[in-house]
Amino acid sequence: MSIFKSNQDPIQKLAEYIDQSHRIVATTGAGISVGGGGVTYGQMRFSSRGMGRGEGYSSFLPNFLETMFSYKPSYSHYALKKLEDNGKMLGIITTNVDCMHTIAGSKNVAEIQGSLQVNCCANCSAHYNGYEIWQKDELPRCKNCGGEILPWPLYSHIGIWNEGAAKARKWIAQADLILAIGTRGNYGDVYWGCRNRNAVVIQINPGRTYFDSVAVLNIREECDSVFKKLDELRGKNG
């Protein structure tokens, strides 16, 4: 049962929950990148089944990468980074492949579907970590054999990245507050079933999702708007 009055401002409620928490875990989806101009993986106009050969791979750069790196982390990405800096944020669990949490400066990020930071040569399987290799005008080639370098979402057919999933399970089991931000699903078999059942769940999303039924507070707004109001509230209160 919520300790707050039904007519209390939801931003004030959010602020109080954050203040009372010390092990916050955020789970994020495409909605957190919208404020920075982001596109979702589902908006890519190619099939990951190309596995680097043919139209799928050749359309990867113009249809996704160039778009992705033309936008920036959103206000919400930086808000979560600030919570980490203040010792509040235990970790961020995301299905996004755009690396924007890392670009914003967050250190503890579990990318459960991998990202453009996890890359592999299609020919010799050499690994290349880091998103920087994609910030160029041409698709990168392996230094060892000249083969095509594929990001995890392509060579795994959008599979689960086990290293990220392990981090997600560890963090959510320790959480005292879970912020579901701009995401529609909980990937239950991957990490959600491991959550601390005593953790408070707060959702920030303009639309209805799975989290409606488990959240003590559903804030029906875009996340950038919410975090800007939160900062304004904190500014007024000193």
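Just so you know, these numbers come straight off a predicted model, no measurement behind them. (Residues numbered from 1 in each chain as written. Predicted model: local features only at pLDDT ≥ 70, side-chain atom pairs only at ≥ 80, totals over all residues. Heavy atoms only, no water.)

Asker: Before we move on, can you summarise the packing of aromatic side chains with the specific residues and values?
Answerer: Each aromatic ring pair is described using two quantities: the centre-to-centre distance and the angle formed by the ring planes. Summed over the entire model, instances satisfying the criterion amount to four aromatic pairs. With a centroid separation of 5.3 Å and an interplanar angle of 80 degrees, the aromatic rings of Trp192 and Phe211 are classed as edge-to-face. Here the residue Trp192 occupies a position in the loop between β7 (177–181) and β8 (200–204), and Phe211 occupies one in the loop between β8 and β9 (217–219), the gap between them amounting to 19 residues. Of the residues examined, Trp192 reaches a relative accessible area of 3% and is grouped as buried. Owing to a relative accessible area of 0%, Phe211 belongs among the buried residues under this scheme. Members of the aromatic cluster, each reached through a chain of ring pairs, are Tyr191, Trp192, Tyr210 and Phe211. (Phe/Tyr/Trp six-rings, centres within 6.5 Å; stacked < 30°, edge-to-face > 60°. Helix = DSSP H or I, 4+ residues; strand = E, 2+ residues; numbered from the N terminus. Buried < 20%, exposed > 50% of the residue type's maximum accessible area, 1.4 Å probe, protein only.)

Asker: Describe the sheet that holds strand β4 (residues 118–121), naming the residues involved and giving the relevant values.
Answerer: Strand order in the open sheet formed by three strands is β5-β4-β6, and the pairing between neighbours is antiparallel. This sheet does not close on itself; its edge strands, each paired only once, are β5 (127–129) and β6 (149–151). The mean angle between the axes of side-by-side strands here comes to 30 degrees, regardless of whether they run parallel or antiparallel. Two strands pair when backbone bridges link them, and β4 and β6 are joined in this way by three bridges, in the antiparallel orientation. The partner of Asn119 across the bridge, within β6, is Pro151. (Pairing = 2+ DSSP bridges. Axes fitted to C-alpha atoms, helices over the stretch in contact; angles between N-to-C directions.)

Asker: Now, about helix α4 (residues 75–85): what can you tell me, with residues and values included?
Answerer: Regarding α4, the residues found buried are Ser76, His77, Ala79, Leu80, Leu83 and Glu84. One face of α4 carries all of its buried residues, which in axial projection span an arc of 160 degrees. As for α4, its buried residues are in contact with α1 (10–20), β1 (24–28), β2 (89–94), α5 (100–104), β7 and α8 (223–236). Backbone geometry just downstream of α4 places Gly87 in the positive-phi region, at approximately 80 degrees. (Arc of directions from axis to C-beta. Contact = heavy atoms within 4.5 Å.)

Asker: Describe the sheet that holds β9, naming the residues involved and giving the relevant values.
Answerer: As summarised here, the arrangement of the six strands in space is β3-β2-β1-β7-β8-β9, forming an open sheet in which the pairing is parallel. The sheet is open, and its two edges are formed by β3 (109–111) and β9, each paired on a single side. Strand-to-strand twist across the sheet, computed as the mean angle between neighbouring axes with direction ignored, equals 15 degrees. With five bridges joining them, β1 and β7 adopt parallel strand pairing.

Asker: Hey, could you go over α8 for me, with residue numbers and the actual values?
Answerer: The end-to-end C-alpha separation of α8 is 20 Å, in line with the 20 Å expected for 14 residues at 1.5 Å each. Buried residues along α8 sit against α1, α4, β7, β8 and β9. (Expected span 1.5 Å × (residues − 1).)

Asker: Account for the pairing of β2, naming residues and giving values.
Answerer: A large share of β2 lies buried, amounting to five of its six residues. Where β1 meets β2, five bridges bridge the pair, whose relative direction is parallel. Directly across from Val25, in β2, lies its bridge partner Gly91.

Asker: Just give me the short version of the packing of α1 against α8, but keep the residues and values in it.
Answerer: At a minimum axis distance of 10 Å, the contact between α1 and α8 shows a crossing angle of 75 degrees. Taken together, α1 and α8 sit at an angle that is classed as roughly perpendicular. Between α1 and α8, the contacting residues are Ile11, Gln12, Leu14, Ala15, Ile18 and Asp19 on the first element and Val226, Lys229, Leu230, Leu233 and Arg234 on the second. Here the residues of the contact of α1 with α8 are counted per class, giving seven nonpolar, one polar and three charged. (Parallel < 35°, antiparallel > 145°, perpendicular 65-115°, else oblique. Nonpolar A, V, L, I, M, F, W, Y, C, P; charged D, E, K, R; others polar.)

Asker: How would you sum up the confidence of the model for the protein chain? Please name residues and give values.
Answerer: On average, residues of the protein chain score 85 in pLDDT, and 83% of them are at 70 or above. Taken as a whole, residues 41–54 scores under 50 in pLDDT and shows 29 contacts with residues more than four places along the chain or in a different chain. (pLDDT = per-residue confidence, 0-100.)

Asker: Outline the pattern of salt bridges, supporting the account with residue identities and numerical values.
Answerer: According to the stated counting rule, one finds six salt bridges in the structure shown. The partner of Asp19 in a salt bridge is Arg234, and the shortest N-O contact between them spans 3.1 Å. A residue pair is termed long-range when its members are at least 10 positions apart, and Asp19 in helix α1 and Arg234 in helix α8 qualify at 215 residues. A residue is classified by how much of its surface remains accessible, and Arg234, at 31% relative accessible area, is partly exposed. For Glu221, the salt bridge identified is with Lys229, shortest N-O distance 2.8 Å. Look at the salt bridges and you will find they share partners, linking Arg208, Asp212 and Arg220 into a network. (Salt bridge = Lys/Arg side-chain N within 4 Å of Asp/Glu carboxyl O.)

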